[in-house]
Amino acid sequence: MDYAVKNIYGKIKNKKASVSVPGSKSITARALLLAALAQGESTLYGVQMSDDCTTFLNCINALGTKTELCGSTLKVNGCGGVLPVKQGEIYVGSAGTAARFITALLAFSDGTFTVNSSEQMKSRPISGLIDALTCAGAQFTFLENEGRFPFIVTGTRSPSEEIKVDVSQSSQFLSAVLMAAPCTGKTVKIIPSGKHGMKYVDMTLDMMWSFGVDVAADGGVYVVKGSYTGKKYDIEPDLSAACYFYAANRILGTEISVNGVMPRSMQGDGEFIRLMKDGFDGGEIDMSAFSDQALTMAAIAPYFTKPTHICGIEHIRRQECDRINAIVKNLTAMGVKCREEQGGVIIYPCTPHGAEIETFGDHRVAMAFAVAGLRTDGVIIKNAEVCSKTFKEYFTVLDGVIDNLC
């Protein structure tokens, strides 16, 4: 479907509105994995059941874990770190988080599994994770292209006690190895290399601790020991989803609040919310630690008074689409002067005009540029249904906000 964004700038009668967003995708994914590996039952409250998280849950179920979903509450009967099944076929779809976390889990488990994916996922990076797991003792047979999905993985329960992980492509590689390490039943030292924002690794460590595993961090080296125990766990609202409404506040002068968002959060995108509340008005900004919001920043940057230089985001070229290129193409279509760099983009202030926004199959392109359309006539989001990957009801919620404000 296509979505025609309603320009409400200058038509707002009531500045205040409140919205609810799904639970955090990043926290839901980690909680799913940790609960599945725990001894005993866990109850997860506020889970996000977007396409990505549903895919992850299906993977967990396919590996023999019993779960019971009721609304946004999920009960998980953990396997105690030992998978109930020793072979099978797993489908990770286009869910990058599930793809990486499940791969590490299988690499540290008994058995042989075939892991299939969508066509989109076949082009996304995973070689850094596979290299680390191969050196640790797992075996991979690639069914199409070397270092890519699909593949067959044969795991090991006795991996190397020292594992090196290159995080240059994604910090999720390190999170995946950290969370799967307790499956080995022994102390494992994990040594990361390369440069990447590590906020989401901090989230991983916090959650591992909550489920009973001790991770000692010293000089950039992580030592993992212990096992997971089932528990009751509350999942925060998704700040990535919340950010779109705080971005709208910045360019509309509104006071939209997102229910459940607290001043402190494990999620890196909280930094974007802080910038919006502080009235960020352009300049150079390194978004490596909260790069999911690079698209959002770019979509509203034309309305700032100073040029905006977004840097530190080269890795987003290898996500659902080349996001830097998507920024430039869509801003150019809106008449915005911008300059593409290998690791970022420079955007100059102007008054954009309407355009059809190409989403390139990327949920964040659709949601971010919808915010820009709230202040510009004629913005149409092509294939808006792609937002179901993480926020299926996004455009319904946005319509509700517009109605409340106008």
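Residues numbered from 1 in each chain as written. Predicted model: local features only at pLDDT ≥ 70, side-chain atom pairs only at ≥ 80, totals over all residues. Heavy atoms only, no water.

Attention now goes to the overall build of the protein chain. For the protein chain, the count of helices and strands is 13 helices and 21 strands. Its C-alpha atoms give the protein chain a radius of gyration of 21 Å, near enough to 22 Å, the size a compact globule of 406 residues would have. The buried share of the protein chain, taken over its 406 residues, is 57%. Taking contacts inside the protein chain between residues at least 6 apart in sequence as the whole, the part at least 24 apart equals 74%. Summing over all exposed atoms, the protein chain offers an accessible surface of approximately 15700 Å²; the carbon and sulfur share of this is 47%. Put simply, the protein chain has 39 plus and 42 minus side-chain charges, and the middle of one group is 3 Å from the middle of the other. (Helix = DSSP H or I, 4+ residues; strand = E, 2+ residues; numbered from the N terminus. Rg over C-alpha atoms; globule rule 2.2 N^0.38 Å. Buried < 20%, exposed > 50% of the residue type's maximum accessible area, 1.4 Å probe, protein only. Contact = heavy atoms within 4.5 Å. Areas by Shrake-Rupley, 256 points an atom, 1.4 Å probe, with all protein chains shown as cover. Lys, Arg positive; Asp, Glu negative; His and termini not counted. Charge placed at Lys NZ, Arg CZ, Asp CG, Glu CD.)

Right, let's get into the sheet that holds strand β6 (residues 87-91). With mixed pairing, the four strands of this open sheet are ordered in space as β6-β7-β9-β8. Two strands bound the open sheet, and with one partner strand each, they are β6 and β8 (139-142). Within the sheet, the average angular offset between the axes of one strand and its neighbour, ignoring direction, is 20 degrees. Sheet analysis places strand β7 (residues 112-116) next to strand β9 (residues 151-154), joined by four bridges and oriented antiparallel. Bridging from a neighbouring strand, Phe113 pairs with Val153 of β9. (Pairing = 2+ DSSP bridges. Axes fitted to C-alpha atoms, helices over the stretch in contact; angles between N-to-C directions.)

Bringing the pairing of strand β13 (residues 221-225) into the picture now. Across the two faces of β13 the burial differs, with Tyr222 and Val224 buried and Val221, Val223 and Lys225 not buried at all. With three bridges connecting them, strand β11 (residues 188-193) and β13 associate as antiparallel partners. Among the inter-strand pairings, Val188 is bridged to a residue of β13, identified as Val224. Counting the residues in the hairpin turn of strand β12 (residues 214-218) and β13 gives two residues, including Gly219, whose phi is positive at 60 degrees.

One side chain can pair with another of opposite charge once the charged atoms of both are near each other. A full pass over the atoms with the stated rule returns 19 salt bridges. Here Asp362 ties to Arg323 by a salt bridge, and the two come within 2.7 Å at their closest N and O atoms. Placement of Asp362 in the loop between β20 (355-357) and α12 (363-372) and of Arg323 in helix α11 (residues 323-333) is noted, with a sequence separation of 39 residues between them. Grouping residues by exposure puts Asp362 and Arg323 together as buried. (Salt bridge = Lys/Arg side-chain N within 4 Å of Asp/Glu carboxyl O.)

For the pair helix α8 (residues 239-252) and α12, interaxial distance at closest approach is 9 Å and the crossing angle is 20 degrees. Of the possible angle classes, the one that applies to α8 and α12 is roughly parallel. Between α8 and α12 the crossing geometry is right-handed. Each of Ser240, Tyr244, Ala247, Ala248 and Ile251 in α8 lies in contact with α12, whose residues at this interface are Arg364, Met367, Ala368 and Val371. The residue inventory of the contact of α8 with α12, partitioned by class, reads seven nonpolar, one polar and one charged. (Parallel < 35°, antiparallel > 145°, perpendicular 65-115°, else oblique. Left-handed = near helix turned anticlockwise from the far one by under 90°. Nonpolar A, V, L, I, M, F, W, Y, C, P; charged D, E, K, R; others polar.)

Attention shifts here to the sheet that holds strand β16 (residues 283-286). The mixed open sheet is built from four strands, whose spatial order is β16-β17-β19-β18. Pairing within the sheet leaves two strands with one partner each, and these edge strands are β16 and β18 (338-341). Each strand of the sheet is rotated relative to its neighbour by a mean of 10 degrees, with strand direction disregarded. In the packing of α11 onto the sheet, the strands contacted are β18 and β19 (344-347), and the crossing angle to β18 comes to about 165 degrees.

This paragraph deals with helix α7 (residues 199-210). Spanning 12 residues, α7 covers 17 Å between terminal C-alpha atoms, matching the ideal 16 Å at 1.5 Å per step. Regarding α7, the residues found buried are Tyr200, Val201, Met203, Thr204, Leu205, Met207 and Met208. Contacts from the buried residues of α7 go to α1 (25-37), α6 (172-180), β12, β13, β14 (232-234) and α8. Looking one or two residues past α7, Gly212 carries a phi angle of roughly 100 degrees, positive in sign. (Expected span 1.5 Å × (residues − 1).)

This part takes up the packing of aromatic side chains. Applying the stated rule across the entire model yields 12 aromatic pairs. On the basis of an interplanar angle of 10 degrees and a centroid distance of 6.2 Å, the ring pair of Phe140 and Phe142 is categorised as stacked. Per residue, the accessibility class of Phe140 equals that of Phe142, and both read buried. On the numbers, 4.9 Å between centres and 80 degrees between planes, the contact of Tyr394 with Phe395 is edge-to-face. (Phe/Tyr/Trp six-rings, centres within 6.5 Å; stacked < 30°, edge-to-face > 60°.)

Once that is clear, we can look at the environment of Ala299. Positionally, Ala299 belongs in helix α10 (residues 294-300). With a relative accessible area of 2%, Ala299 lands in the buried category. Dropping the residues within four chain positions of it, Ala299 is found in contact with Ala368, Phe369 and Ala372.

Looking at helix α5 (residues 127-136), one finds that the buried residues are Gly128, Leu129, Ile130, Ala132, Leu133 and Ala136. The inward-facing, buried residues of α5 contact α3 (96-107), β8, β9, β10 (162-166) and α6. At the exit of α5 stands Gly137, carrying a positive phi of roughly 130 degrees.

Moving on, we come to the pairing of β7. Pairing geometry for β6 and β7, over five bridges, is parallel. From the neighbouring strand, Gly88 faces β7, where its bridge partner is Phe113. For the segment spanning β6, α3 and β7, crossover handedness is right-handed. (Right-handed = clockwise from strand over helix to strand, strands pointing away.)

This paragraph deals with the side chain of Arg323. Residue Arg323 is classed as buried on the basis of its relative accessible area, which comes to 1%. Setting aside chain neighbours within four positions, we find Arg323 in contact with Asp292, Leu295, Ile316, Arg317, Asp362, His363 and Arg364.

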